[in-house]
Amino acid sequence: MMTAEIPNITLQEIRGSLLAIPAFVPAMVCTGYLTAWATNLHNFRQRSLVERLFWSLPLSLGVSTIGAYWIGRFLSLDAVVAVFAASALACVALLAWEWRERRRLNQPWVIGFRPLGSTALALAVLWVAVAILSLVDWQNGDKLYISTVAYDQSARVDWTYAVLNTGVPPFNPLYLYKNPAPMRSYYFWYIICAATARLTFLSIRAIFIASCVWSGFCLAAIAGLYLKYFLDCGNRLRRQFITTVLLLLVTGLDILAALWELLSLQRPFSPDLEHWSLSQITSWLDSLLWVPHHIASLVTCMLAFLLVWISEEDVRPVKLPLILAGCVSASAFGISIYVTFAFFLTIVAWTIWQVRYEHSLRKAYVFLTVCAVATFLILPYLLELTHAKSQMDGGGVFTLAVREMIPPDKLLAWPILRRIAADSPATARTFANLVLLIPGYILELGFYLLALLIYTKAKWRGRAPFTHAHRTLIFLTLVAITFLSVIRSSVLSSNDFGWRGALIMQFTLLLLGSELITHWRDTTRGLSITVQRQIASITPEWMRSGASLLIFVGLVSTTCQIFLLRTYLPLLEMQETRLHDIAFEHLAHYSYINHVGFSEIDGKIDRGATLQFNPSPLNPYIANTDLLGVHRQVAIAGDKPWCGAELGGDPSGCQPMASAIDALFKDASAEEARQTCRQIGIQYLVARVYDPVWTDKNSWVWNLKPVVQDEEFRALDCR
């Protein structure tokens, strides 16, 4: 391939990502702004512009998502785009009208930027830079180094294209047996991304990178709202907000676990520092970059709880905060079932606590009201999940099981557990996992676990009269830890519920940690008051020093994660080149081939066509580049069991289709290829220089009609 004729891929992706960030303003700012202004939510019209922005971000996320689902489901994606465009125009018109009215009444705008506004803005710019540089592909000549995050994001980019190509609900783009099947997954986040892409004509890859940036903005906004309206921070609000944002850079003690594996077990670092644990508690940075939709679900869940919290101040007969809480809860469910289920379990326990011990029957009424509104709004989506003809792996979505954080093999080798395992292996493993829970949480939570212990110890001993907000944070944290320790998801081998549901616990711990640090500082300066002064004063100096050490280790762990995201694949390729492992030694060049080849396909093959690439790639990262580039329906995403039917479709077609397509990419004539394509419903085949069939000059690669032909990439019409 002639690299001189191709624009620099890295610069293209950076430029596209930067343009995609303002492209989200209609969906991520304007809809929430208009909603809050129209309802005057918590005296929204009297707030400063900065505070209005803080309300608009999470509220837009909740309103836009459920609104986009309903409009897309019963009208079209184009109607969603029209609504977003109209909301942007209406927002501009409203601001212009308000500006004119203030000038007429000689009332100046209250911006609310000072103090520390420049610091917050600098952190926002830094976050944009880190996110984009961590996620874009880095080009060096005819080599393209993809980010490790592409391992997950490639599929999500493909699912967003499915929404763009097939509408709401989208068809499963990874599997086609007889007829397209509706995608059985939480796809609401991809509706927002697809609508933004259609509104702006930017690439889905750039849009998805920008969505990671906006998930960070929304997380910071909801944290700021909790500091002001939940914890009532008062004069320390802005300082504590900066502290909270910086604490997002602090994770657990993952670097220590990774070093133990490296030095003691002789295992190299994994692509992600979190992978040492079988059931990780993902760092904030990892969640923001790998799974922004789960962060978005967390934001909407916590906004729903905050709206319930402040609803007691609303004197109107119709409790608008409760209706809005139901709307954003419905959005949360469609964005991430796992995060929302963890939130639901936690809030059920909180409601029972309120009724039983706080004697607040109103909380039960509030809970039922919010659930009723949310259930009504997601009812069509629930019907999709429960009445689709497609099947899913596993007997149920959730099951009871002790969380397995640290591999229990060494513990199971102890004589007493060996004897138990002889009669009941499951019982022995459960007991081992139970024993390892405490060291697992210590390693995964680090500083945050220490903060929880300080607060619970003070509460247990009656050393400090906690506010209702602090009691609630402690209660929610302890309940979430309990549920996450004994419930797991069972659809896949990975415990997605444990991974993603932990965000609820992480958020409450983030707030407690920021409270602790802020008041430690204020006590030193003689500024802290009442409850927090007592908490700070009874904390021994050695514990403060320990907290500082844990924060430092958490920062080092996050820094290493950022480094590994960008360097793991280049380092892996260098290592495998020395070992002559053909599966990895040309990974960067093969990634470049796919990027350029699929880009050529975009202008020559209709988006409604069915393509098929080799379902048995050299390594999983090659499969990621396939999904990042294909942008169309495929017959099967892989030749392993289920073939992509996990997201919808009759899996009985997997084995025969996989056998037939595997044979095509090993050795098949043009006529055999046409016959297979007709039987399965494929219009185009894609072959690369590394596919086995490429070397056979009598195969279909060289005898079917080419649509795209290059020295190392060919797309052929097999109809």
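This structure is a prediction, so every number in the text was calculated from the model and none was measured.

Cut-offs and rules
Throughout this document, residue positions are counted from 1 along each chain, in the order its sequence is written. Local features in a predicted model are, by the rule used here, given only for residues with pLDDT of at least 70; side-chain atom pairs are given and counted only at 80 or more, and totals for whole chains, interfaces and linings are based on all residues. Hydrogens and water are ignored here; the side-chain numbers use all heavy atoms of the structure. Helix numbers and strand numbers start at the N terminus; a helix is a DSSP run of H or I with at least 4 residues, a strand a run of E with at least 2. The globule rule used for comparison is 2.2 Å times the number of residues to the exponent 0.38, while the radius of gyration itself is calculated over C-alpha atoms. Remark: exposure states derive from per-residue accessible area (1.4 Å probe, protein chains only) relative to the maximum for the residue type, with buried under 20%, exposed over 50%, and partly exposed in between. Two residues form a contact once any of their heavy atoms are found within 4.5 Å. Only the protein chains shown count as cover for residues, and all accessible areas are computed by the Shrake-Rupley method using a 1.4 Å probe. Note that His is not counted, nor are the chain ends; the positive residues are Lys and Arg, and the negative ones are Asp and Glu. Charge positions come from single atoms, namely NZ of Lys, CZ of Arg, CG of Asp or CD of Glu. Two strands are counted as paired when DSSP detects at least two bridges linking them. To qualify as a nonpolar core, a set must consist of buried Ala, Val, Leu, Ile, Met, Phe, Trp, Tyr and Cys residues joined through side-chain atoms within 4.5 Å. Any carboxyl oxygen of Asp or Glu within 4 Å of a side-chain nitrogen of Lys or Arg constitutes a salt bridge here. Axes here mean lines fitted to C-alpha atoms, for a helix over just the part in contact, with angles spanning 0 to 180 degrees between N-to-C directions. Should an angle fall under 35 degrees it is taken as roughly parallel, and over 145 as roughly antiparallel, whereas 65 to 115 is taken as roughly perpendicular and any remaining angle as oblique. A cavity, in this analysis, means grid points on a 1 Å lattice covering only the protein atoms where a 1.4 Å probe fits yet has no way out; a pocket is instead an open set bounded by protein on both sides within 12 Å along at least five of seven lines, and a residue lines either one if it has an atom within 4 Å of a point. Grid points are joined across faces, edges and corners, and a volume is the space filled by probe spheres set on the points. As a working rule, the residues Ala, Val, Leu, Ile, Met, Phe, Trp, Tyr, Cys and Pro are called nonpolar, Asp, Glu, Lys and Arg charged, and the rest polar, with Gly in that last group. Take the far helix as the reference: if the near one is turned anticlockwise from it by less than a right angle, the crossing is left-handed, and if turned clockwise, right-handed. Read the arc as the range of directions from the helix axis to the C-beta atoms. What pLDDT reports is the predictor's confidence in each residue, on a scale of 0 through 100.

(A) Structural context of the overall build of the chain. A tally of regular secondary structure across the chain gives 27 helices and 9 strands. Against the 2.2 N^0.38 benchmark of 27 Å for 719 residues, the chain shows a C-alpha radius of gyration of 27 Å, consistent with a compact globule. Considered along the principal axes of its C-alpha atoms, the chain spans approximately 85 × 80 × 50 Å. Within the span of the chain, comprising 719 residues, buried residues form 58% of the whole. Once local pairs closer than 6 in sequence are excluded, the contacts in the chain between residues at least 24 apart make up 77%. Carbon and sulfur atoms provide 64% of the accessible area of the chain, an area that totals close to 29,700 Å². In the chain, which carries 57 positive and 51 negative side-chain charges, the distance between the mean positions of the two groups comes to 12 Å.

(B) Region of interest: the sheet that holds strand S7 (residues 684–688). Taking strand neighbours across the sheet as the criterion, the 5 strands line up as S6-S5-S7-S9-S8 in an open arrangement whose pairing is mixed. Every other strand in the sheet has two partners, leaving strand S6 (633–634) and strand S8 (705–709) as the edge strands with one partner each. Taken together, the 5 bridges between S7 and strand S9 (residues 713–717) define a ladder with antiparallel strand orientation. Across the sheet, Arg 688 pairs through a bridge with Phe 713, a residue of S9.

(C) Inspection of the nonpolar core at higher detail. One finds Trp 55, Leu 219, Trp 284 and Phe 507 to be the most contacted residues of the largest nonpolar core, which totals 198 residues. Looking at which element gives the most residues to this core, the answer is helix H8 (residues 204–230), with 21 residues. Each residue touching Trp 284, except ones within four places of it in the same chain, is listed here: Leu 219, Leu 248, Val 250, Ile 295, Leu 298, Tyr 448, Leu 503, Gln 506, Phe 507 and Leu 510. With 27 residues, the next largest nonpolar core counts Ile 680, Ile 682, Ala 687 and Trp 700 among its residues.

(D) Quick peek at the pattern of salt bridges. In the structure shown here, the tally under the stated rule is 21 salt bridges. For Glu 515, the salt bridge identified is with Arg 236, shortest N-O distance 2.9 Å. In this pair, Glu 515 sits in helix H21 (residues 496–524) while Arg 236 sits in the loop between H8 and helix H9 (237–247), placing the two residues 279 residues apart along the sequence. For the pair formed by Glu 515 and Arg 236, the shared burial category is buried. Each of the salt bridges in this network shares a partner with another, and the network as a whole consists of Glu 13, Asp 137 and Arg 205.

(E) Representation of the packing of helix H3 (residues 49–74) against helix H13 (residues 320–335) in the model. For the pair H3 and H13, interaxial distance at closest approach is 8 Å and the crossing angle is 70 degrees. The orientation of H3 with respect to H13, classified from their angle, is roughly perpendicular. Along the contact surface, H3 presents Leu 59, Leu 61, Gly 62, Thr 65 and Ile 66, while H13 presents Cys 327, Val 328, Ala 330, Ser 331 and Ile 335.

(F) Examining the environment of Ala 687 more closely. Looking at the element boundaries, Ala 687 is found in strand S7. Along the backbone, Ala 687 and Phe 613 are 74 residues apart, and their C-alpha atoms lie at a distance of 6.6 Å. The residues touching Ala 687, leaving out its near neighbours within four places in the chain, are Trp 694, Trp 700, Val 701, Glu 712, Phe 713 and Arg 714.

(G) The layout of surface pockets, seen in detail. Of the voids in this model, the second largest pocket is the one considered here, and its volume is about 1,400 Å³. Mapped by element, the contributors of at least two residues to the lining of the second largest pocket are helix H2 (25–39), H3, helix H4 (77–104), helix H5 (117–135), H8, H9 and helix H11 (284–290). Classifying every residue of the lining of the second largest pocket by side-chain character gives 42 nonpolar, 5 polar and 3 charged.

(H) Region of interest: the packing of H8 against helix H12 (residues 292–310). The geometry of H8 relative to H12 is characterised by a closest axis approach of 9 Å and an angle of 25 degrees between their N-to-C directions. With respect to H12, the element H8 is oriented roughly parallel. Crossing hand, H8 versus H12: left-handed. The segment H8 lies against H12, with Phe 208, Ser 211, Cys 212, Ser 215, Cys 218, Leu 219, Ile 222, Leu 225, Tyr 226, Tyr 229 and Phe 230 engaging Pro 292, Ile 295, Leu 298, Val 299, Met 302, Leu 303, Phe 305, Leu 306, Trp 309 and Ile 310. Along the lines of polarity and charge, the residues of the contact of H8 with H12 split into 19 nonpolar, 2 polar and no charged.

(I) Here's a closer look at helix H10 (residues 254–263). Inspection of H10 places Asp 254, Ile 255, Ala 257, Ala 258 and Glu 261 among the buried residues, and these make up the whole buried set. Down the axis of H10, the buried set is contained in an arc of 160 degrees. They therefore lie on one face. Across from the buried face of H10, at angles greater than 90 degrees, the exposed residues are Trp 260 and Leu 263.

(J) Broad picture of empty space enclosed by the protein. Taken as a whole and assessed by the stated rule, the structure comprises 4 cavities of 30 Å³ or more. As for the largest cavity, its lining consists of Val 250, Thr 251, Gly 252, Ile 281, Thr 282, Ser 283, Trp 284, Glu 444, Leu 445, Tyr 448, Gln 506 and Leu 509. For the lining of the largest cavity, the elements supplying multiple residues, two or more each, are helix H18 (425–445) and H21. Its residues placed into classes, the lining of the largest cavity shows 6 nonpolar, 5 polar and 1 charged. Taken together, Ala 258, Glu 261, Leu 262, Arg 267, Pro 268, Phe 269, Ser 270, Asp 272, Leu 273, His 275 and Trp 276 make up the lining of the second largest cavity. Its residues placed into classes, the lining of the second largest cavity shows 6 nonpolar, 2 polar and 3 charged.

(K) Representation of the side chain of Thr 10. Mapped onto the elements of the fold, Thr 10 is located in helix H1 (residues 9–23). Not counting residues up to four positions away in its chain, the partners in contact with Thr 10 are Val 136, Asp 137, Trp 138 and Gln 139.

(L) Molecular detail of the side chain of Asp 158. Within the fold, Asp 158 resides in helix H6 (residues 150–166). Buried and unpaired, Asp 158 has no salt bridge, with Arg 632 as the nearest side chain of opposite charge at 8.7 Å. Beyond its immediate sequence surroundings of up to four residues, Asp 158 is in contact with Pro 173, Leu 174, Leu 627, Val 630, His 631 and Arg 632.

(M) Molecular detail of the confidence of the model for the chain. For the chain, the mean per-residue pLDDT works out to 88, and 92% of the residues sit at or above 70. Model confidence for the chain, summarised as mean pLDDT per element, is weakest for helix H22 (residues 530–537) at 54 and strongest for H8 at 96.

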